[in-house]
Amino acid sequence: MRHSLDHSFGLQRTASDRDALEGKLEVEAAAAAAHGVSRIPVEKQHDKACDDNSDPSLEMKKARRIIGFARFMAKTRQRYCVLSTLGKDTNLGIYTGKALRTDDVVNFPEIAIPLLFREWGEHVEGVADGTLWDRYIWEGEVADLETYTDRNRIDNRAVFVPGVGCTVNSVLDMNNIESTHGSTYDTAGLHRSRDPGTGAFSPYHSALTTAVTDIAPGAELFASYGDYWVPSIPGVQVTLDEVLDVTEDFLQNDLYEFVQSHRDADALTPDVKEALFAFVKDFPLPNQPFSNLPRNVPWADVERAIHKAVTHRKHTDTTTDNVSGESSVARQFIREQSIRDLAWLDEHGYCQDHLRPGRSTLPQAGRGAFATRNLPAGSVVGYAPLIHIGLHGREVLRITYPPSEHDHHVGNVDIDGENGTTPRTNYDLVLNYSFAHRNSTVILTPYGGMVNYINHGSTTSGRANVQVRWPDKSLIAHVPSWLEQDPIFLSETVEKIGLSFEYVALRDISEGEEVFMDYGPEWEQAWQTHVEQWQPVPDAERYQHTSEWKDLIGKDERGDSNMVLRTMEELESNPYPPNVVTMCRDSYRVTQAGTFEWLPVLRQGHERVYCNVLERKQYKSEADDSVANDESNPSVTLYVVAMQVGSARDNRVEERSDADEVGDADEWIVVERVPREEIFVYDRAFSADWHLPNVFRHPMMIPDYVMPLAWMNGPPEDAF
Ligand SMILES: C[S@@+](CC[C@H](N)C(=O)[O-])C[C@H]1O[C@@H](n2cnc3c(N)ncnc32)[C@H](O)[C@@H]1O
């Protein structure tokens, strides 16, 4: 047994303590929501940098989410990461140890680590190493990442969100949780003008997951990954709606019908029916619809349930052959079987909420992991399955920055000079969250809840209070024999996870204490060298991410989208930070007078063009041409902008066959009457801290005491 329910922080408080705390947090959360302290609403996440809005239903939604989180904080109790009950127990799953109500927050907010080494939706065929990663990549939009090109807002950004989002199973129309989109951009107080830790950790946080329905204690959590995502990943353990429909159709229209139509046959005894059912369930050929048939349930029970469903359907719906939804017997059994006994979870599961995130006590480290309860020496405080790369991790994780017209803004110059030809390379940020060994090509990235927040503290200094170890038995995500296989095996085994770390307390850890592990002497040496040699990039003082900058420039009571944008003339004396751009869609019409006027956007495309504000004009209304000169009359502000329409044609270059049609990127036109909400304020592509050329990159080192001999295939050519 790894831990006891009685160790739960929540249970140590009296019921009235808890209620009082819960009430207090709810009040605080509601107050925070009322003051607009919140995350970016889901509906607006595609255009994060520009606007929020004050739609009351969104405010309600925000407030409910915050209250949900407050409830979660007040009722901290264990959640688990254990075998899935689905199918044949072949993948991990997450269970709740406590009852959840709709909108409750399920977990502590997770980190979101942006990825450049792999694009969203890019499932590379035939490349073994790194392919396993395809299953753990989310669309960058999920965490509100800045785009990778300024002008196209849907380029394939990718993000890694460890924890619940990586472990949860999907039974598509049965989802009971939902990952909340968006993130909080938080550099933990570090700035590129003074801090060597800048860009060495991810600034994107708060990937919350919320319950979309009431959930019983012990129930497995299911998310919907989206039907469109799943088929592109071979063998992924997701049950599609349509597969469940086939299962249901087989159960009700084939098996049940067959049994009914032969019910007078002497040979069809109860034993024969059970044998027939068992045969189909364990059909020797891989067949997903059959593998979703109710397991560990006798046919007699299934038959009774189908009978009930069929009778119910006859009474309620005589016109369609509806076998999904409420009357779906397969779904009903999956739901029932996915609830585990709490004692069983306690015995077999790994608690995922012993740790919570917070700002590290180490000034340059960013955020860290803190104990949510007293954790005794020897107890498992965290658990993480590991995404492995066997042979070519150093190549896979090495990224090349595309030369772009904005490189000089972020110090991202080609190494040959500003107009040179050799693009800059670096390791992707996720390397800092991965383990490697000096004498091996193997790279392991943990995806358990909260463990990615654990910072380095050396054993010699006495700061380290946890260490990693291999689980001592076979688990769904840990196959001990892999520790005896060589890196070639790991590089070829890309269809499943087979390695996990346990994070074990080296001594008693008190509630609230920061948790540290020893990343190894090489890491410590590399960090010291980095700090000694670090220099800020040119013009660093002027950098401000838009998430902070928008607040500073001021907003009126209607919210960010009404932030007054500066004209080019005003910018001369009061410039934006160099990383900020203004953009809009190239949507305009030519007036009879031959001028250009904004046309309300019909094409909701994702392409943008650069624009510069020339003038702000007051009109009586958006539809009214007359300029308002009476200050006391209500009026709207519309913008006159210079729009770089040539760049829009550049955007479409690839789609054109005739190169002559391509316009001049320097072609600018003046467009009148552009509403404020159609001008977007963005961070330039590649301007965020983690793209800087002077950032620290180093993996944590796999400790020698856990490093399998079989993996030591010699020092890699490209050492870190
Ligand atoms: C696995 S992450 C730990 C979580 C990270 N602090 C965060 O905010 O996401 C490793 C990175 O954290 C930072 N870090 C960890 N321990 C540190 C230490 N002792 N001193 C400075 N930075 C540290 C470094 O940027 C390192 O590359």
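This text follows the structure it describes.
A short tour of the structure in this document, coming up. (Residues numbered from 1 in each chain as written. Predicted model: local features only at pLDDT ≥ 70, side-chain atom pairs only at ≥ 80, totals over all residues. Heavy atoms only, no water.)

Concerning the sheet that holds strand β20 (residues 455-456)
And step 1. The strand order across the open sheet built from 4 strands is β13-β14-β23-β20, with neighbouring strands paired in mixed fashion. The open sheet is flanked by β13 (355-359) and β20, the only strands paired with a single partner.
And step 2. Bridging between strand β14 (residues 367-371) and strand β23 (residues 514-517) involves 2 bridges; their strand directions are antiparallel. Within the sheet, the bridge partner assigned to F370 lies in β23 and is E514. (Pairing = 2+ DSSP bridges. Helix = DSSP H or I, 4+ residues; strand = E, 2+ residues; numbered from the N terminus.)

Examining the packing of aromatic side chains
And step 1. This structure, assessed with the given rule, holds 19 aromatic pairs.
And step 2. Aromatic side chains F435 and F501 sit 5.2 Å apart centroid to centroid with 80° between the ring planes, which places their arrangement in the edge-to-face category. Of this pair, F435 sits in strand β18 (residues 435-436) while F501 sits in strand β22 (residues 500-505), placing them 66 residues apart in sequence. Of the two residues, F435 and F501, both sit in the buried class.
And step 3. Ring centres of W482 and F489 lie 5.3 Å apart, and the angle between their planes is 80°; this geometry places the pair in the edge-to-face category. (Phe/Tyr/Trp six-rings, centres within 6.5 Å; stacked < 30°, edge-to-face > 60°. Buried < 20%, exposed > 50% of the residue type's maximum accessible area, 1.4 Å probe, protein only.)

Side note on unusual backbone geometry
And step 1. Residues other than glycine seldom take positive phi values, yet M450 does so here, at roughly 70°.
And step 2. Here M450 lies in the loop between β19 (443-446) and β20.
And step 3. You can call M450 buried: its relative accessible area is 3%.
And step 4. Even without being glycine, R673 reaches a positive phi, approximately 60°.
And step 5. One can find R673 in strand β29 (residues 669-675).
And step 6. The class for R673 is buried, based on a relative accessible area of 10%.

Some points on the sheet that holds β29
And step 1. As summarised here, the arrangement of the 7 strands in space is β25-β26-β29-β28-β27-β24-β30, forming an open sheet in which the pairing is mixed. The outermost strands of the open sheet, each flanked by one partner alone, are β25 (588-590) and β30 (680-683). Between one strand axis and the next, the sheet turns through 40° on average, direction left out of account.
And step 2. Across 2 bridges, the pairing between strand β24 (residues 580-584) and strand β27 (residues 609-619) is antiparallel. Paired with C584 across the two strands is V609, which belongs to β27. (Axes fitted to C-alpha atoms, helices over the stretch in contact; angles between N-to-C directions.)

Thoughts on the pairing of strand β15 (residues 380-389)
And step 1. Counting buried residues along β15, 10 of its 10 residues qualify, which places the element largely inside the surrounding structure.
And step 2. Where β15 lies against β22, 5 bridges are found, and the strand directions are antiparallel. In the strand pairing of β22, V380 is matched with V504.
And step 3. Judged from the 4 bridges that link them, β15 and β19 form a sheet pairing that is antiparallel. In the strand pairing of β19, L386 is matched with P446.

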